[in-house]
Protein chains: 2
Amino acid sequence: MKRVYNFNAGPATLPLEVLEEARAELVDYRGSGMSLLEASHRGAAYEAVHEEAATNIRALLGLGDDHAVLFLQGGASLQFAMVPMNLLGRGETADYVHTGSWAKKAIAEARVVATGGRAVNVAADTSAERPARVPAPAELRLTPGAAYVHVTSNETIEGIQWKELPHTDAPLVADVSSDILSRPVDATRFGLLYAGAQKNLGPAGVTVVVIRKDLAERAPDDVPIVLRYATHAEKRSLYNTPPCFAIYMVMLVTRWIAARGGLASVGRVNRDKAARLYAAIDASSFYTGTAAPDSRSGMNVTFRLPSEELEDRFVEEAAASDLIGLRGHRSVGGIRASIYNAFPVEGVDALVGFMREFERTRG
Amino acid sequence: MKRVYNFNAGPATLPLEVLEEARAELVDYRGSGMSLLEASHRGAAYEAVHEEAATNIRALLGLGDDHAVLFLQGGASLQFAMVPMNLLGRGETADYVHTGSWAKKAIAEARVVATGGRAVNVAADTSAERPARVPAPAELRLTPGAAYVHVTSNETIEGIQWKELPHTDAPLVADVSSDILSRPVDATRFGLLYAGAQKNLGPAGVTVVVIRKDLAERAPDDVPIVLRYATHAEKRSLYNTPPCFAIYMVMLVTRWIAARGGLASVGRVNRDKAARLYAAIDASSFYTGTAAPDSRSGMNVTFRLPSEELEDRFVEEAAASDLIGLRGHRSVGGIRASIYNAFPVEGVDALVGFMREFERTRG
């Protein structure tokens, strides 16, 4: 069986062991005579999967009883709407930190939702700066009494990441789609975290939301029932049929993370992978990183070559060497190597070797 | 490998051939060196799946250029909110036909959404009648100039189904979650159709929406971008990352339906399956159907036994004979046999045989 190194930004590579386990039980789930794809979401087989997925995330993040773990649909994009719909009351202001392409989408959607005397304040905007960077905490112009402060922990397109998210008086809301469970974090201090699964957690089709239970009760009366966090918290994400198979994959991936030693251990491996790539960039004048060094992402390593023509050739020749998905986002160009949890260190070394050889022959 | 007869109401049985095909290419998708679960939603491999799924549905429903086929998330439950958010303008009234448990949920959500001088009119209400039934077209008290008329084509819990959906002046909006692609239908006359996939189309995690393109443009300005039909129609359901694997399964299931001869052929088989079960019920005074004969569902066959104790025993002994998922919904009790497209006629015959034997020994 062929296996490439898959640097896609999301959907992204998954642990091979997890894929093989899913295949082994895909048609006849553990002797039940049916696939889990066919099993009732109210039955014992799926119920065990659903519970383990939530329990694994709770344990990995060190959450206590103050927070609920939810499995929703619609991706981070639906959270861009649900967050202000649920948490921004009449007459209130929400602070948003604008760091790049994903923050921009969150802000645009919040502005659509924030009618009726509700306001969106951009507390800092580094989105146009090059090299790209996240702001220092002292740069944030936060609103006293804000409903919440929204940040994007990692910008996949600009290749930047907060080393530590800011401490705020208002509840901290974070889009952690592209770095959830990739490093140790004190999750208990967040009001709300959300993540589409398709980068660090599993396949596309499920969104993990961690919410402080008191915040789940805040939604105004005119928020549709299905778009209230409280609805899903009360029903343990079984208000309606959940995306069972995607949650099953999240269960397998989180079990895999735990078996590798949890976030401290996975975080060390991820730091090491990123360090190898950034070292290769810094050792060469042929490759230029696009992020400010202290804002560099551990998940999406972005860099440029001397010309777009060379970048095209780099991407093509890498693909011919089974290094797949290295083209930067169409909005910024360049090269992007996404190295989420499941991306193997061997693939990083293969890319570093390819970079050296490419520079030697084409530079 | 064991294979039971799975009468679950949803998620529900899938064609065995489809499951086996998904398994065969789960880890290495067609020699690409990665799983489709890991493939970019912007790449050629997934793009072909996405297009074929939409094309198959378009062809099976005989749709022309007036309608868009969308793949959304959130299930029918999110459509209960999106329909009035998008289609019900200020000062307008939407007509809803209340036939049972699913219509009730659609109406409740529409009432939450319909603030600001918008109204929800229940045009008929047969939900409390026993035997359960759908209203005759002449019973509908429709609002002149209504924004739309909403119906539930099949009520899974009450076991009733419209033989033909009503002809209305206002755009007809139908929740077809439990009978989409189960019989020939003139889909071109609908304003909007929506269906969670997990009954007739595939696994849980994707919702198929068919919308007349002019209706997709109706949304008021304060509807969040991600909740506007126009957003997804313009981006061919690639506005954000779609639930790729669920759509892949829908592609395989719709291909399977087409290979069996399309809706006319599948509809004949489904009619025959239902007829065998209803004949068994009608031939016995031990079993009593819960739906009025001319409203009987071809998808969910519901019936009672003389006592709840006998019903419990029936469900248990059936399960011991590998006839799984026959317990009626907890809100109504009794027995329910869900026999969607992928449910085999051999399983119907097995249930009929079991019913005869159970009556002979327990009746």
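Scroll up for the structure.
To start, this report covers the structure provided alongside it. (Residues numbered from 1 in each chain as written. Chains lettered and ligands numbered in written order. Predicted model: local features only at pLDDT ≥ 70, side-chain atom pairs only at ≥ 80, totals over all residues. Heavy atoms only, no water.)

1. Observations regarding the overall build of chain A
Here is step 1 of the chain: In terms of regular secondary structure, chain A is built from 10 helices and 14 strands.
Here is step 2 of the chain: At 21 Å, chain A has a C-alpha radius of gyration in line with the 21 Å of a compact globule built from 363 residues.
Here is step 3 of the chain: Each principal axis of the C-alpha distribution contributes one length, and for chain A these read about 65 × 60 × 30 Å.
Here is step 4 of the chain: Scored against the burial criterion, the 363 residues of chain A give a buried share of 63%.
Here is step 5 of the chain: Sequence-distant contacts, at least 24 apart, represent 69% of the contacts inside chain A between residues at least 6 apart.
Here is step 6 of the chain: When the accessible surface of chain A is summed, it comes to about 13,100 Å², and 50% of that surface belongs to carbon and sulfur atoms.
Here is step 7 of the chain: In chain A, 39 side chains carry a positive charge and 43 a negative one; their mean positions are 1 Å apart. (Helix = DSSP H or I, 4+ residues; strand = E, 2+ residues; numbered from the N terminus. Rg over C-alpha atoms; globule rule 2.2 N^0.38 Å. Buried < 20%, exposed > 50% of the residue type's maximum accessible area, 1.4 Å probe, protein only. Contact = heavy atoms within 4.5 Å. Areas by Shrake-Rupley, 256 points an atom, 1.4 Å probe, with all protein chains shown as cover. Lys, Arg positive; Asp, Glu negative; His and termini not counted. Charge placed at Lys NZ, Arg CZ, Asp CG, Glu CD.)

2. Considerations on the environment of Gly 202 of chain B
Residues and elements named next belong to chain B.
Here is step 1 of the chain: Its location among the elements puts Gly 202 in the loop between β9 (192–196) and β10 (207–212).
Here is step 2 of the chain: Overall, Gly 202 belongs to the buried group, its relative accessible area being 2%.
Here is step 3 of the chain: Along the sequence, Gly 202 and Ser 285 sit 83 residues apart, while their C-alpha atoms lie 36 Å from each other.
Here is step 4 of the chain: The contacts of Gly 202, once residues within four sequence positions are left out, are Leu 14, Ala 197, Val 250 and Val 253.

3. Focus on helix α9 (residues 308–320) of chain A
Residue and element names in this part refer to chain A.
Here is step 1 of the chain: Across its 13 residues, α9 extends 18 Å between first and last C-alpha, which sits within 8% of the 18 Å expected from 1.5 Å per residue.
Here is step 2 of the chain: Taken as a whole, α9 has its buried residues at Leu 310, Glu 311, Phe 314, Val 315 and Ala 318. Along the long axis of α9, the arc covered by the buried residues comes to 140°, so they all point the same way. Residues of α9 that are exposed and point over 90 degrees away from its buried face: Glu 309, Glu 316 and Ala 320.
Here is step 3 of the chain: On its buried face, α9 sits against β12 (300–304), β13 (323–324), β14 (335–338) and α10 (345–362). (Expected span 1.5 Å × (residues − 1). Arc of directions from axis to C-beta.)

4. Notes on the pairing of β12 of chain A
Residues and elements named next belong to chain A.
Here is step 1 of the chain: When you tally the buried positions in β12, you get four out of five residues, the bulk of the element.
Here is step 2 of the chain: Two elements, strand β11 (residues 288–289) and β12, share two bridges in a ladder whose sense is antiparallel. From the neighbouring strand, Gly 289 faces β12, where its bridge partner is Phe 303.
Here is step 3 of the chain: Both β12 and β14 contribute to a ladder of four bridges, which runs antiparallel. Residue Asn 300 lies in a different strand from β14, and its bridge partner there is Ser 338. (Pairing = 2+ DSSP bridges.)

5. Some remarks on the side chain of Glu 311 of chain B
Residue and element names in this part refer to chain B.
Here is step 1 of the chain: The topology assignment puts Glu 311 in helix α9 (residues 308–320).
Here is step 2 of the chain: You can call Glu 311 buried: its relative accessible area is 5%.
Here is step 3 of the chain: A polar contact is formed between the side chain of Glu 311 and the backbone nitrogen of Leu 305, at a distance of 3.0 Å.
Here is step 4 of the chain: Non-local contacts of Glu 311, meaning those with residues more than four positions away in its chain, are made with Arg 304, Leu 305, Gly 334 and Ile 335. (Polar contact = N/O pair within 3.5 Å; in protein donor to acceptor, adjacent residues only side chain to side chain.)

6. Section: the relation of the copies chain B and chain A
Here is step 1 of the chain: Each copy superposes on the other: chain B lies on chain A with an RMSD of 0.0 Å after a rotation of 180° and an axial shift of 0.0 Å. Such a combination of turn and shift is consistent with a two-fold rotation axis.
Here is step 2 of the chain: Looking at chain B, 100% of its interface residues are interface residues in chain A too, so the copies touch through the same face. (Least-squares fit on C-alpha atoms with pLDDT ≥ 70 in both.)

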